[in-house]
Amino acid sequence: MVSVRFEKCANGHRISCVIDGDTLWIDGTKVRVADIDAPEISEPKCALEFALGNRATERLIELMNQGPFELQAWPGRGTDRYGRALRVLVRNDHSLGNILVSEGLARTWPGRREPWC
């Protein structure tokens, strides 16, 4: 179980913080939320993607700070091509990523990047 206070990542040493709506650091490990795709904030393709990405980031921080959650491995793959750990964030048998999807802040991971604009 993970029970750490999260905030948005700032420059410098990253231990436990949120980069965007589907990428974060947990105890010094970079993690990609495996079951969703959230809009980009570092290199958005349009203003809509940037705004939605910021909302997804803030909501993920809020969800993660509501209490302990588990990191579940993504079946068949431990890391992505960037070396990030692929994990599903779960609390009370519910994916935190699915909450973002249900709120329109992310989409279920389709297996490849798709445009938000």
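Anything mentioned here points back to the structure above.
Residues numbered from 1 in each chain as written. Predicted model: local features only at pLDDT ≥ 70, side-chain atom pairs only at ≥ 80, totals over all residues. Heavy atoms only, no water.

Caption draft 1: Seen up close, the layout of surface pockets. Considering only enclosed or pocket space, the largest pocket measures out at about 280 Å³ in volume. Residue lining of the largest pocket: 13 residues in total, with Arg32, Arg77, Asp80, Arg84 and Trp109 positioned closest to the centre. The residue makeup of the lining of the largest pocket, split by class, is five nonpolar, one polar and seven charged. There is about 190 Å³ of room inside the second largest pocket. The wall of the second largest pocket is formed by Asp37, Glu40, Ser42, Glu43, Lys45, Glu49, Arg113, Glu114, Pro115 and Trp116. (1 Å grid on protein atoms, 1.4 Å probe; cavity = no way out; pocket = protein on both sides within 12 Å on 5 of 7 lines; lining within 4 Å. Points joined across faces, edges and corners; volume = space filled by probe spheres on them. Nonpolar A, V, L, I, M, F, W, Y, C, P; charged D, E, K, R; others polar.)

Caption draft 2: A look at helix H1 (residues 47-64). Across its 18 residues, H1 extends 26 Å between first and last C-alpha, which sits within 8% of the 26 Å expected from 1.5 Å per residue. Turning to H1, its buried residues number three or more, namely Glu49, Leu52, Gly53, Ala56, Thr57, Arg59, Leu60, Ile61, Leu63 and Met64. Those residues of H1 hidden inside the fold are in contact with strand S1 (17-20), strand S2 (23-26), strand S6 (85-91) and helix H2 (96-102). (Helix = DSSP H or I, 4+ residues; strand = E, 2+ residues; numbered from the N terminus. Expected span 1.5 Å × (residues − 1). Buried < 20%, exposed > 50% of the residue type's maximum accessible area, 1.4 Å probe, protein only. Contact = heavy atoms within 4.5 Å.)

Caption draft 3: Structural detail: the environment of Glu49. Relative to the helices and strands, Glu49 resides in helix H1. Note on Glu49: relative accessible area 4%, which makes it buried. On a C-alpha basis, the gap between Glu49 and Gln66 in space is 26 Å, while along the polypeptide they are 17 residues apart. With residues near it in sequence (within four places) discarded, Glu49 still touches Pro39, Glu40, Pro44, Trp116 and Cys117.

Caption draft 4: Focus on the pairing of S2. Here S2 shows no split at all, with Thr23 and Trp25 on one side and Leu24 and Ile26 on the other all buried. Sheet analysis places S1 next to S2, joined by three bridges and oriented antiparallel. Pairing of Cys17 across the sheet is with Trp25, part of S2. The hairpin formed by S1 and S2 contains two residues between the paired strands. The pairing of S2 with strand S3 (residues 29-33) spans four bridges and is antiparallel. Paired with Leu24 across the bridge in S3 is Val31. If you look at the hairpin formed by S2 and S3, you'll find two residues sitting between the two strands, and Asp27 has a positive phi there, around 50°. (Pairing = 2+ DSSP bridges.)

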